[in-house]
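# Descriptive structure summary
Spelled out from the first residue to the last, the chains are:
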Amino acid sequence: MLPLRAIIDLCVRLRIHPNTLTLIGVIINVGAAWALGFGRFLLAFFIMLVANIFDFIDGKVAHIAQLQSEFGAFWDSTLDRFSDLALLTGLIFLYSKVGRSDYVMIASLALIFSIMTSYARARAESLVKRCKVGFMERPERIVLLMIGALTNRMAGVLWVVLVLSILTVANRIYYTYLDLNRLPMPTKKGIAGFFNRAFFWTDERATLPYDVWVVAILAFVWLVPPAWLGDPMANDPGVIAWVRDQLAIKN
């Protein structure tokens, strides 16, 4: 895209180090976490959008400026975890301020399993060659949180992130077990293969199975009424005003 290319070229000309761009992206994401924490979902969406521009261009700048390094990869991966923690912590803060212990727990579990998703892969790849299995990776989490903020369907998003993060961790544990013990991977043929393909995720992005999962997730997030999920930020002006009043009172 032309605007992103212009930003990348400008960063290269100004000799902005890609590690600096990564840090800026994390700091901006902390701002998004603040917005989430005070129920300002639309503002959080736009802040996350800006933050993810930096998340995208840092690798491109590193490649063009020939500044790629092992430390840069480590730095990027480590700061990505801070971004994930910040955004979900913002939601935990929000739900705690309005007295919703159920969604404090859901957001906390989503945070735990989001981190375990990354840890399971990192630990597995110290033992096996590659462990890129499971659907709910960081790009999917971030996009879902942005969708939740934009559409005020954060409760549905959190349920999706939590359930699929648990499944992703389980996938990575099982995959590593099979690989280390030189056992065959689950079949992809027949009825059993259909369920294996859905719940033991090994397909790449931009494939038909991936697109089917994406459509199913978006349908769940958008079509399930927020009230069914007990969403504290249900898409009702009265409810939203009440939540913000509670935040104002408690501050």
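In what follows, the structure referred to is the one given above.
Residues numbered from 1 in each chain as written. Predicted model: local features only at pLDDT ≥ 70, side-chain atom pairs only at ≥ 80, totals over all residues. Heavy atoms only, no water.

## Comments concerning the nonpolar core
Our working rule: Residue types Ala, Val, Leu, Ile, Met, Phe, Trp, Tyr and Cys, when buried and joined through side-chain atoms within 4.5 Å, form a set referred to as a nonpolar core. Each residue is assigned to one of three classes by its accessible area relative to the maximum for its type, calculated with a 1.4 Å probe on protein chains only: buried under 20%, partly exposed between the two thresholds, exposed over 50%. Strands are runs of DSSP state E lasting at least two residues, helices are runs of H or I lasting at least four, and both sets are numbered from the N terminus onward. Pairs of residues are marked as contacts when any of their non-hydrogen atoms sit within 4.5 Å.
Residues Leu91, Met154 and Leu158 are the most contacted members of the largest nonpolar core, which totals 41 residues. Counting residues per element, the ones that place at least two in this core are helix 2 (18–37), helix 3 (41–64), helix 4 (70–97), helix 5 (101–124), helix 6 (138–151), helix 7 (154–180) and helix 9 (208–223). Among the elements that line this core, the one with the most residues is helix 7, at 8 residues. Residue contacts for Leu91: discarding those within four places in its chain leaves Leu36, Phe41, Leu145, Met154 and Leu158.

## Focus on the environment of Asp211
Secondary-structure assignment places Asp211 in helix 9. Taking C-alpha positions, Asp211 is 18 Å from Lys132, a pair spaced 79 residues apart along the chain.

## Some words on the packing of aromatic side chains
Rule in force here: Aromatic pairing here means that ring centres of Phe, Tyr or Trp (its six-membered ring) are within 6.5 Å. Orientation follows from the plane angle: under 30 degrees is stacked, over 60 is edge-to-face, and everything else is tilted. Think of it as a cone above the ring: NZ of Lys or CZ of Arg counts as a charge over the ring if it is within 6 Å of the ring centre and within 35 degrees of the ring normal.
Within this structure, the stated rule accounts for 12 aromatic pairs. Here the guanidinium or amino end of Arg153 rests over the ring plane of Trp222, the centre of that ring lying 4.4 Å away.

## A look at the pattern of salt bridges
Put simply, the rule is: Within this document, salt bridges are pairs made up of a side-chain nitrogen of Lys or Arg and a carboxyl oxygen of Asp or Glu, the two lying within 4 Å of each other.
With the rule as written, the count across this model stands at 15 salt bridges. Notably, a salt bridge pairs Arg121 with Glu125, separated by 3.0 Å at the nearest N-O pair. Because the salt bridges share partners, they merge into one network encompassing Arg121, Glu125, Lys132, Glu137, Glu140, Arg172 and Arg205.

## Considering the side chain of Asp84
On the secondary structure map, Asp84 appears in helix 4. Using a relative accessible area of 5% as the deciding quantity, one classes Asp84 as buried. Ignoring any residue separated from it by four or fewer positions in sequence, one finds Asp84 in contact with Arg138, Arg141 and Ile142.

## What to know about the environment of Lys129
Residue position: Lys129 is located in the loop between helix 5 and helix 6. Put simply, Lys129 and Thr176 are 47 residues apart on the chain and 9.8 Å apart in space, counted from C-alpha to C-alpha.

## Digging into helix 2
Here is the rule we go by: A helix's residues, less one, multiplied by 1.5 Å, set its expected span.
In this model, helix 2 (20 residues) spans 29 Å end to end at C-alpha, consistent with the 28 Å of a helix rising 1.5 Å per residue. Buried within helix 2 we find Pro18, Asn19, Leu21, Thr22, Gly25, Val26, Asn29, Ala32, Ala33, Ala35, Leu36 and Gly37. A positive backbone phi angle near 70° is found at Gly39, which sits one or two residues after helix 2.

These figures capture arrangement, not role.
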